[in-house]
Amino acid sequence: MADTPAWKLLLPRQLRHLPADLAGVLGVVLLTNLAVLLPVVSDTPVRIVAGLVFVLFIPGYAFIAALFPEAGSGPTTDDETVSNPDADGIDGIERTALSFGLSIALVPLVGLVLNFTPWGIRLLPILVSLSGLTVVLTAVAAVRRWALPADKRFRVPYRAWLRAGREELFSPASRTDAALNVLLVLSILLAAGSVGYAITVPKDGERFSEFYLLTENEDGELVADNYPTEFQQGEGRSLIVGIGNQEHERTEYTVVAELQRVERVGNETRVRDRSELRRFQPTLGHNETWHRQHEVTPEMTGEGLRLQYLLYRGAPPESINQSAAYREVHLWVNVTN
């Protein structure tokens, strides 16, 4: 008790005696949840690094820890197995490899199950499901490991690794070993720096904005189908206007909705009469999506009218026209008295 830090005494007994590797698993789960949910760090590289470790390794490691709580001695021959029938564990290399493989198998299975639930495959349900599964597997692994005699439990020999690494780095057997150690450290720092730079300064890629129209079906879902084409003068029908910002910067938009009477002259479409219906002026950050319901209430009547939505970045010109617009979508509608 005298050697136990004061802060550990505040934890439940099970957590105080939790094996170091399982405590690390829970730590990564907690870090990933904080990195995804906290606004302060959700847009930082911490989210990417923690998320990759969490998705690609942690669930599989917890599963393997629950399946194999005992220490392993690595691959054995038939003679060694006969002489030591209790050596049924797996070694560290096998445990690591299986952890990657099982994580890659478990994550899609969780997504498949969520696909048949009301929550669907979205960030928060996936995060909660994987976190809950990993915590449960970690608890099972801890209980099974505690049930074994102390000398048969699996342990990560991190203290021995640190001691051996310290001796190898600071007390090399020869100058050649010292030079190789320096080269190894420099290589690791270079690799870590390259990965960190790639994560923190990603390429912008293509810049564009999505612009579309949707409708709401009987279940309340937004779909790109069943657009209204028959209107009564002065009676409203709803459309959903949508914008997706992939410009890699915060962008101001203006949406202008018009009902137009047009005619074809050769290969050119000319506007003979126009009536502005509505303007929207949203501002979106990168990777943000905006939806707004528009109740279309036409006053102009006629057949083959064009209900057009023009998207501008920033303020539109004084003279509204399609050639100056950044994006355009339209419907052909009929409006009767």
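Structure: see above.
A. Expanded view of the side chain of Asp 21. Mapping Asp 21 onto the fold places it in helix H2 (residues 20-37). Residues within four places of Asp 21 in sequence aside, it is in contact with Tyr 61, Arg 145, Phe 154 and Val 156.

B. Local environment of helix H4 (residues 58-67). Counted residue by residue, H4 has eight buried out of 10 residues, so it is predominantly covered. When H4 is considered as a whole, its buried residues turn out to be Ile 58, Pro 59, Gly 60, Tyr 61, Ala 62, Ile 64, Ala 65 and Ala 66.

C. Inspection of the nonpolar core at higher detail. Core analysis: the largest hydrophobic core is formed by 23 residues, its most contacted members being Phe 211, Val 241, Ile 243, Val 255, Leu 307, Tyr 309 and Val 333. If we skip the residues at most four places from it in the chain, Tyr 309 touches Phe 211, Leu 213, Leu 239, Val 241, Val 255, Val 256, Ala 257, His 294, Val 296, Arg 327, Glu 328 and Val 329. The next biggest cluster of nonpolar side chains, apart from the first, holds 14 residues, and it includes Val 29, Leu 114, Leu 127 and Leu 130.

D. Quick peek at unusual backbone geometry. Of note in this structure, His 248 is not a glycine but carries a positive phi near 65°. In this structure, His 248 sits in the loop between strand E4 (237-246) and strand E5 (251-265). What makes His 248 partly exposed here is its relative accessible area of 26%. In this structure, Asn 287 is a non-glycine residue whose phi angle is positive, near 70°. Take Asn 287: it is sitting in the loop between strand E7 (283-284) and strand E8 (289-296). According to the relative accessible area criterion, Asn 287 is exposed, its value standing at 53%.

E. Helix H7 (residues 123-146), seen in detail. For H7, spanning 24 residues, the distance from its first C-alpha to its last is 34 Å, which sits close to the expected 34 Å at 1.5 Å a residue. Those residues of H7 that sit buried are Pro 125, Leu 127, Leu 130, Ser 131, Thr 134, Leu 137, Thr 138, Ala 141, Ala 142 and Arg 145. Buried residues along H7 sit against H2, helix H3 (45-56), H4 and helix H6 (92-115).

F. Quick peek at a nonpolar patch on the surface. Nonpolar side chains collect at one region of the surface, where Ile 48, Leu 52, Val 55, Leu 56, Phe 100 and Ile 104 lie side by side and expose about 510 Å² of accessible area between them. Every element with two or more residues in the nonpolar patch is listed here: H3 and H6. Examining the composition of the nonpolar patch, we find that four residues originate from one element, H3, more than from any other. Position of Leu 56 among the secondary structure elements: in helix H3. Given the relative accessible area of 38%, Leu 56 is considered partly exposed.

G. Quick look at the pattern of salt bridges. Across all of its chains, the model carries six salt bridges by this definition. In this structure, Asp 21 engages Arg 145 in a salt bridge whose closest nitrogen and oxygen atoms are separated by 2.9 Å. Pair noted here: Asp 21 is in helix H2 and Arg 145 is in helix H7, with a separation of 124 residues, a long-range link. Arg 145 shares its class with Asp 21; the two are buried. Salt-bridge contacts for Arg 270 lead to Glu 268; the nearest nitrogen and oxygen are separated by 3.7 Å. Among the residues examined, Glu 268 registers a relative accessible area of 42% and is labelled partly exposed.

Rules behind the numbers
- Residues numbered from 1 in each chain as written.
- Predicted model: local features only at pLDDT ≥ 70, side-chain atom pairs only at ≥ 80, totals over all residues.
- Heavy atoms only, no water.
- Helix = DSSP H or I, 4+ residues; strand = E, 2+ residues; numbered from the N terminus.
- Contact = heavy atoms within 4.5 Å.
- Buried < 20%, exposed > 50% of the residue type's maximum accessible area, 1.4 Å probe, protein only.
- Core = buried A, V, L, I, M, F, W, Y, C linked by side-chain atoms within 4.5 Å.
- Expected span 1.5 Å × (residues − 1).
- Patch = residues over 30% accessible without salt bridge, like charges linked within 9 Å, V, L, I, M, F, W, Y side chains within 5 Å.
- Areas by Shrake-Rupley, 256 points an atom, 1.4 Å probe, with all protein chains shown as cover.
- Salt bridge = Lys/Arg side-chain N within 4 Å of Asp/Glu carboxyl O.

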